[in-house]
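Each chain is listed here by its residues.
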Amino acid sequence: MPTLYPLRLEPLFQQYLWGGRRLASLLGKPLGQGDTYAESWEVVDHRDGQSRVLNGPLAGQTLGELARRYPAEMYGAGLSGGEAPDRFPLLLKYLDAQKTLSVQVHPNDAQGAKLDPPDLGKTEAWLVLAAEPGAKIYAGLSAGVDRAAIAAALAEGECERCLHAFEPAVGDCVFIPAGTVHALGEGLVIAEIQQASNTTFRLFDWNRLEKDGKPRPLHVEASLDTIDYQRGPVAPQIPQPLGEGSERLVECDKFIFDRWRLSAGQGGVLSDAGGFRILTVVEGEVTVRSDDGVETLGLGQTLLAPACCSGLTLDAGTGATVLDMRLP
Ligand SMILES: [Zn+2]
């Protein structure tokens, strides 16, 4: 049997009412007919979606099968507690918000474990790739807002006054730990790295109705129980330079999220951190070399390099911005 090598995975497109066509127009995704393409799941091992390998001898196998069959090759020696997770722990997706998403919150691991069926918690981070003028991110509570204030606003059919909002710039990174109330605003396209969870509690849906004239279901009590009321106004992350064209956007107990901004001809050497790397290109094109081969990634394309792949380097050609994600 072949051991693991840098894997290209088939994106899984999700259509929701708030989606659009920009995953094709801005990121080159091969969308089908329709104008509600909301998400492209790039790397996922979850009961709601499974990435399949596109390249090499393992083509057609799922990420979940491979991670469970080859845990040492996928995760390396540095597994926490020495045990492989029962699912691949990170999920990468691109999102096109043509309409503002519902106001929502995600559980943490302890809260997620109590759900039926159980799910991981969902800590996530966004990188803004495109923003229409005036597009907003809602993240965290306005100063001084507590549970009673939210409940009072909801009783009046309102919520926005409780939420911190700002107009992000392209390139901003926003960190949303589990428990942070948030909504992605109309006009934004983002990349999102998150825990491999698909549990969302919807607090408020802007009083909208679906085509059938009914509102989407809300989970107000679950949301109010899940919100971290200490999470006040959230501002974009301040990137920390790491040298050689890379910078750290987020370091938390669930993932490390770095960005490479490589000018034409500039290369980058990925530190041998001992675990897998997820790489995706948000500007330009990059050639990824390792001891196991060469892959050229175009805009919007993703590579999963398992832990067993060593000697990873980036070569930017005419210039590229690459997102680099892994476990802490
Ligand atoms: Zn979210």
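What you are looking at is a predicted structure, and each value in this text was computed from that prediction instead of being measured.

A.B. asks: I would appreciate a short explanation of the pattern of salt bridges in the present structure.
C.D. replies: Side chains that differ in sign of charge can pair as their charged atoms come close. All chains considered together, the criterion is met by 25 salt bridges. When the shortest N-O distance is used, the salt bridge between lysine 136 and glutamate 160 registers 3.6 Å. Of this pair, lysine 136 sits in the loop between strand E7 (124-131) and strand E8 (137-141) while glutamate 160 sits in the loop between helix H5 (147-155) and strand E9 (163-166); the two residues are 24 residues apart in sequence, bridging distant segments of the chain. Residue lysine 136 is classed as partly exposed on the basis of its relative accessible area, which comes to 31%. One salt-bridge network, in which partners are shared between bridges, spans Arg248, Glu251, Asp258 and Arg326.

A.B. asks: Can you help me understand the coordination of the zinc ion in this one?
C.D. replies: Angles at a metal have ideal values that depend on geometry: 109.5 degrees with four tetrahedral donors, 90 or 180 degrees with six octahedral donors. For the zinc ion, every protein donor is listed as His106 (NE2), Glu124 (OE), Glu124 (OE) and His182 (NE2), and the spread of their distances is 2.1 to 2.7 Å. Each of the four donor atoms around the zinc ion contributes to a set of angles spanning 51 to 123°, which defines the coordination as irregular. One chain supplies every donor for the zinc ion, spaced along it as H-x17-E-x57-H. Of the two residues, glutamate 124 sits in strand E7 while histidine 182 sits in strand E11 (residues 182-184), which places them 58 residues apart along the sequence. For glutamate 124, a relative accessible area of 2% corresponds to the buried category.

A.B. asks: Would you explain the domain arrangement of the protein chain in this entry?
C.D. replies: Size of an interface: often given as the accessible area lost when the parts come together. Domains assigned within the protein chain are domain 1 (12-226) and domain 2 (240-326). One C-alpha centre belongs to domain 1, the other to domain 2; they are set 23 Å apart. Between domain 1 and domain 2, the contact holds 30 residues from the first and 25 residues from the second. The tally of links from domain 1 across to domain 2 stands at one salt bridge. Linking lysine 254 and aspartate 109 is a salt bridge whose minimum nitrogen-to-oxygen distance equals 2.7 Å. Between domain 1 and domain 2 we count nine residue pairs in polar contact (both at pLDDT 80 or more) in total. Going through the elements one at a time, strand E2 (37-43), helix H3 (71-75), strand E5 (90-97), E7, strand E10 (173-176) and strand E12 (188-195) are the ones with two or more residues in the side of domain 1 that touches domain 2. Classifying every residue of the side of domain 1 that touches domain 2 gives 19 nonpolar, six polar and five charged.

A.B. asks: Help me understand the sheet that holds E7 in this model?
C.D. replies: Two orientations exist for strands paired in a sheet by backbone hydrogen bonds: parallel and antiparallel. Across the sheet, six strands lie side by side as E1-E2-E5-E12-E7-E10; this open sheet has antiparallel pairing. With partners counted over all chains shown, the strands left at the sheet margins are strand E1 (12-20) and E10, one partner each. Averaged over all adjacent pairs, the angle separating strand axes in this sheet is 25°, with direction ignored. Pairing between E7 and E12: seven bridges, direction antiparallel. Across the sheet, alanine 125 pairs through a bridge with isoleucine 193, a residue of E12.

A.B. asks: I tried to follow the side chain of glutamine 14 on my own but got confused; where do I start?
C.D. replies: Structurally, glutamine 14 can be placed in strand E1. On the accessibility criterion, glutamine 14 (17% relative accessible area) is buried. The residues contacting glutamine 14, other than those within four sequence positions of it, are Thr36, Tyr37, Ala38, Glu39 and Trp41.

Thresholds, definitions, all that
- Residues numbered from 1 in each chain as written.
- Predicted model: local features only at pLDDT ≥ 70, side-chain atom pairs only at ≥ 80, totals over all residues.
- Heavy atoms only, no water.
- Salt bridge = Lys/Arg side-chain N within 4 Å of Asp/Glu carboxyl O.
- Helix = DSSP H or I, 4+ residues; strand = E, 2+ residues; numbered from the N terminus.
- Buried < 20%, exposed > 50% of the residue type's maximum accessible area, 1.4 Å probe, protein only.
- Donors = N, O, S within 2.8 Å, 3.2 Å for Na, K, Ca; no water.
- Tetrahedral: all angles 85-135°; square planar, octahedral: opposite > 155°, others 65-115°.
- Domains from an automatic or database assignment.
- Contact = heavy atoms within 4.5 Å.
- Polar contact = N/O pair within 3.5 Å; in protein donor to acceptor, adjacent residues only side chain to side chain.
- Nonpolar A, V, L, I, M, F, W, Y, C, P; charged D, E, K, R; others polar.
- Pairing = 2+ DSSP bridges.
- Axes fitted to C-alpha atoms, helices over the stretch in contact; angles between N-to-C directions.

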